[in-house]
Amino acid sequence: MITEITRIISAEWLKLARRRMTVIVPLVTAAFAIVVSLGLGLAAQRAWLGMPSGFYMTAAAARWMINVLVLLSIVITCFHISREFAFGTVKPAWSRPVTRHAWYTGKVISACAIVTVLFAVVIFCIIAVSALRFGFNDLMEKDYLVHSAASMGGKLACTAVLTLWSLWAVTVVTAMLAVLFNHPGGGIAASLGLGLLMTVLGIFPPVRPFLLGTFINMPLEQMVAMSQGLPLPFEWSRLVLWTIVGGGAWLTAGLILGVLFIRRKEITF
């Protein structure tokens, strides 16, 4: 099983190495992240939004960019999986000594790897611009130390890990939906529809803590509040536990359902 999954992942990366979009998408994403960071930095300097500090600028820009990354995750994952059904390339793949489970798992892992690379590019660009514009310093209120730079740096790293964890959950859930359709457009529409449904359900406070969108935004909202010296919405220990458990539940459910769907998938050409 592990050997089969490794072969699938290797094949996917080989295909990516031959495509121009493998270079274009990260470059465009990086450029957009830089523009967002510079814009937020300018707004903070003019007292339009937030405060001019490296930690605030990083957290705020990341909160803006996470919506772009979620959309990219949906599009990339749907093309990664549904396109195989649309082009008919899945038929020879399944005709070889490769199980459907291994094929699907390899596809999901490679999609998560692509999302991870894009996330790393975004975070690197935002941190670089923030460091050059404002630097990462202690948060002071006159002579009173509100948060040290070391404390905020550690929390920023924790926020990045938790956000990436939730992005993986989005990718896995999207992959599960993509299996149901023979064209990327159907998977994208279903994923966006699920996102819209979660946005509507997020209006109701009793439901909000269980929605996938909550786990994506919650760590960044916490970091934005901390970087401004505002009262934190959650205790960090509770936030970490809730994000790991909640995002993990969505990830596990998406993976299990995806495997079940792929086993029952009918291929007709």
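(A) Layout of the overall build of the chain. Scanning the chain for helices and strands turns up nine helices and two strands. Ordering the α and β elements of the chain from the N terminus gives α-α-α-α-α-β-β-α-α-α-α. In terms of overall size, the chain behaves like a compact globule, its C-alpha atoms giving a radius of gyration of 20 Å where 269 residues would be expected to give roughly 18 Å. Principal-axis analysis of the C-alpha atoms places the extent of the chain at approximately 70 × 45 × 30 Å. In the chain, of all internal contacts separated by at least 6 residues, the share reaching a separation of at least 24 is 79%. Within the structure as shown, the chain displays about 13700 Å² of accessible surface, and the carbon and sulfur contribution to it stands at 71%. Of the side chains in the chain, 20 bear a positive and 9 a negative charge, and the two mean positions are spaced by 13 Å.

(B) The arrangement of the packing of aromatic side chains in detail. Applying the stated criterion to the full structure yields four aromatic pairs. Following the ring pairs from residue to residue traces out a cluster consisting of Phe210, Phe215 and Trp242.

(C) Structural context of the layout of surface pockets. Taken as a whole, the largest pocket spans an internal volume of roughly 790 Å³. In terms of lining, the largest pocket is formed by 31 residues, of which the most central are Leu212, Gly213, Thr214, Ile216 and Asn217. Those elements that provide at least two residues to the lining of the largest pocket are helix 3 (54–87), helix 6 (149–178), helix 7 (184–201), helix 8 (212–227) and helix 9 (236–264). Class assignment of the residues belonging to the lining of the largest pocket gives a composition of 19 nonpolar, nine polar and three charged. By volume, the second largest pocket amounts to about 580 Å³.

(D) Broad picture of the packing of helix 5 (residues 100–133) against helix 6. With their axes 10 Å apart at the nearest point, helix 5 and helix 6 run at an angle of 140° to one another. The orientation of helix 5 relative to helix 6 falls into the category oblique. Classified by chirality, the crossing of helix 6 by helix 5 is right-handed. Every residue of helix 6 that contacts helix 5 at Tyr104, Val108, Ala111, Cys112, Val115, Thr116 and Phe119 is listed here: Ala160, Thr163, Leu164, Leu167, Trp168, Thr171, Val172, Ala175 and Met176. Taken together, the residues of the contact of helix 5 with helix 6 break down into 13 nonpolar, three polar and no charged.

(E) Structural view of the environment of Phe234. Relative to the helices and strands, Phe234 resides in the loop between helix 8 and helix 9. Residue class for Phe234 comes out partly exposed when judged on its relative accessible area of 25%. A sequence separation of 27 residues divides Phe234 from Val207, and the C-alpha atoms of the two residues are 17 Å apart. Among all residues touching Phe234, those that are not within four sequence positions of it are Met218, Gln222 and Leu239.

What counts and what doesn't
Residues numbered from 1 in each chain as written. Predicted model: local features only at pLDDT ≥ 70, side-chain atom pairs only at ≥ 80, totals over all residues. Heavy atoms only, no water. Helix = DSSP H or I, 4+ residues; strand = E, 2+ residues; numbered from the N terminus. Rg over C-alpha atoms; globule rule 2.2 N^0.38 Å. Contact = heavy atoms within 4.5 Å. Areas by Shrake-Rupley, 256 points an atom, 1.4 Å probe, with all protein chains shown as cover. Lys, Arg positive; Asp, Glu negative; His and termini not counted. Charge placed at Lys NZ, Arg CZ, Asp CG, Glu CD. Phe/Tyr/Trp six-rings, centres within 6.5 Å; stacked < 30°, edge-to-face > 60°. 1 Å grid on protein atoms, 1.4 Å probe; cavity = no way out; pocket = protein on both sides within 12 Å on 5 of 7 lines; lining within 4 Å. Points joined across faces, edges and corners; volume = space filled by probe spheres on them. Nonpolar A, V, L, I, M, F, W, Y, C, P; charged D, E, K, R; others polar. Axes fitted to C-alpha atoms, helices over the stretch in contact; angles between N-to-C directions. Parallel < 35°, antiparallel > 145°, perpendicular 65-115°, else oblique. Left-handed = near helix turned anticlockwise from the far one by under 90°. Buried < 20%, exposed > 50% of the residue type's maximum accessible area, 1.4 Å probe, protein only.

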